[in-house]
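This is what each chain is made of:
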Amino acid sequence: MKGITMKIPFRPIALGLVVLLFSGVLLERAQAGGGHFFPPVADPLVREECGSCHLAFAPSMLPKSSWTRMMGDLKNHFGDDASIDTAKTERITRYLNANAADSGSQRNGSKFLRGVSMENGPLRITELPKWVSEHRGISPAEWKSKKVGSKANCVACHVDAERGYYDE
């Protein structure tokens, strides 16, 4: 009997292993972020309108009451007039509320907002007890440095903040 030769399809196996490895790295990254991962803004209008002046903050960082109050007074948006037309305001408000920390669809929101009133949440993420606790070791001089500028400039220290990762 002549020897039987097997042709093993190495390319599909190698590609499958690469995909599996890459998926594992992504899953590990998401789990590693744990309480430091907040799904980034997915809506293009929200990214465009909010992100034109600052990082478009993850809606899961605040409760619905905060987003509703903030969007209801865009003329006084932290010292600036951020007014936009009514249709855009309504669409952005719906998106933010649907993805807010207390919407039930965000796993990290409730942990981030522990001890915060859902009916009267703060307007600033930087006022949340968890945020204050996580940043307590940062000196006032660092916040005012040219690199950082303000507490709202997350990307100065969290390079992957736009992708939802707020690890150090």
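Before reading further, recall that the structure is shown in the block above.
Residues numbered from 1 in each chain as written. Predicted model: local features only at pLDDT ≥ 70, side-chain atom pairs only at ≥ 80, totals over all residues. Heavy atoms only, no water.

### Topic: the overall build of the protein
Thinking step 1. Each helix and strand in the protein was counted, giving seven helices and zero strands.
Thinking step 2. Reading the helices (α) and strands (β) of the protein from amino to carboxyl end gives α-α-α-α-α-α-α.
Thinking step 3. Within the protein, buried positions represent 33% of all 168 residues.
Thinking step 4. Restricting the contact set of the protein to residue pairs at least 6 apart, pairs at least 24 apart contribute 60%.
Thinking step 5. About 11200 Å² of surface is accessible on the protein, with carbon and sulfur atoms providing 58% of the total. (Helix = DSSP H or I, 4+ residues; strand = E, 2+ residues; numbered from the N terminus. Buried < 20%, exposed > 50% of the residue type's maximum accessible area, 1.4 Å probe, protein only. Contact = heavy atoms within 4.5 Å. Areas by Shrake-Rupley, 256 points an atom, 1.4 Å probe, with all protein chains shown as cover.)

### Some points on the packing of aromatic side chains
What characterises a pair of aromatic rings is the spacing of the ring centres plus the angle enclosed by the ring planes.
Thinking step 1. Enumeration over the complete set of coordinates arrives at three aromatic pairs.
Thinking step 2. An angle of 75° between the planes, with centres 6.0 Å apart, marks the rings of Phe-38 and Tyr-166 as edge-to-face. In this pair, Phe-38 sits in the loop between helix H1 (10-33) and helix H2 (44-51) while Tyr-166 sits in the segment after helix H7 (140-144), placing the two residues 128 residues apart along the sequence.
Thinking step 3. Exposure remark for Phe-38: the relative accessible area of 2% places this residue in the buried category.
Thinking step 4. Here Tyr-166 falls in the buried class, since its relative accessible area comes to 9%. (Phe/Tyr/Trp six-rings, centres within 6.5 Å; stacked < 30°, edge-to-face > 60°.)

### Structural notes on H2
Thinking step 1. If you check which residues of H2 are buried, you get Leu-45, Val-46 and Cys-50. Burial along H2 is one-sided: seen end-on, the buried residues are contained in an arc of 105°. Of the exposed residues in H2, those oriented more than 90 degrees away from the buried face are Pro-44 and Glu-48.
Thinking step 2. Next to the buried residues of H2 lie helix H4 (86-98).
Thinking step 3. By the N-cap criterion, in which a side-chain oxygen at the helix start approaches the backbone nitrogen of a residue two or three places on, H2 is capped by Asp-43, the distance to Leu-45 being 2.8 Å. (Arc of directions from axis to C-beta. Polar contact = N/O pair within 3.5 Å; in protein donor to acceptor, adjacent residues only side chain to side chain.)

### As for the environment of Leu-123
Thinking step 1. Here Leu-123 lies in the loop between helix H5 (109-112) and helix H6 (129-134).
Thinking step 2. The class for Leu-123 is partly exposed, based on a relative accessible area of 30%.
Thinking step 3. On a C-alpha basis, the gap between Leu-123 and Trp-67 in space is 7.5 Å, while along the polypeptide they are 56 residues apart.
Thinking step 4. Filtering out sequence-adjacent residues up to four positions away, Leu-123 remains in contact with Leu-62, Ser-66, Arg-69, Met-70 and Phe-78.

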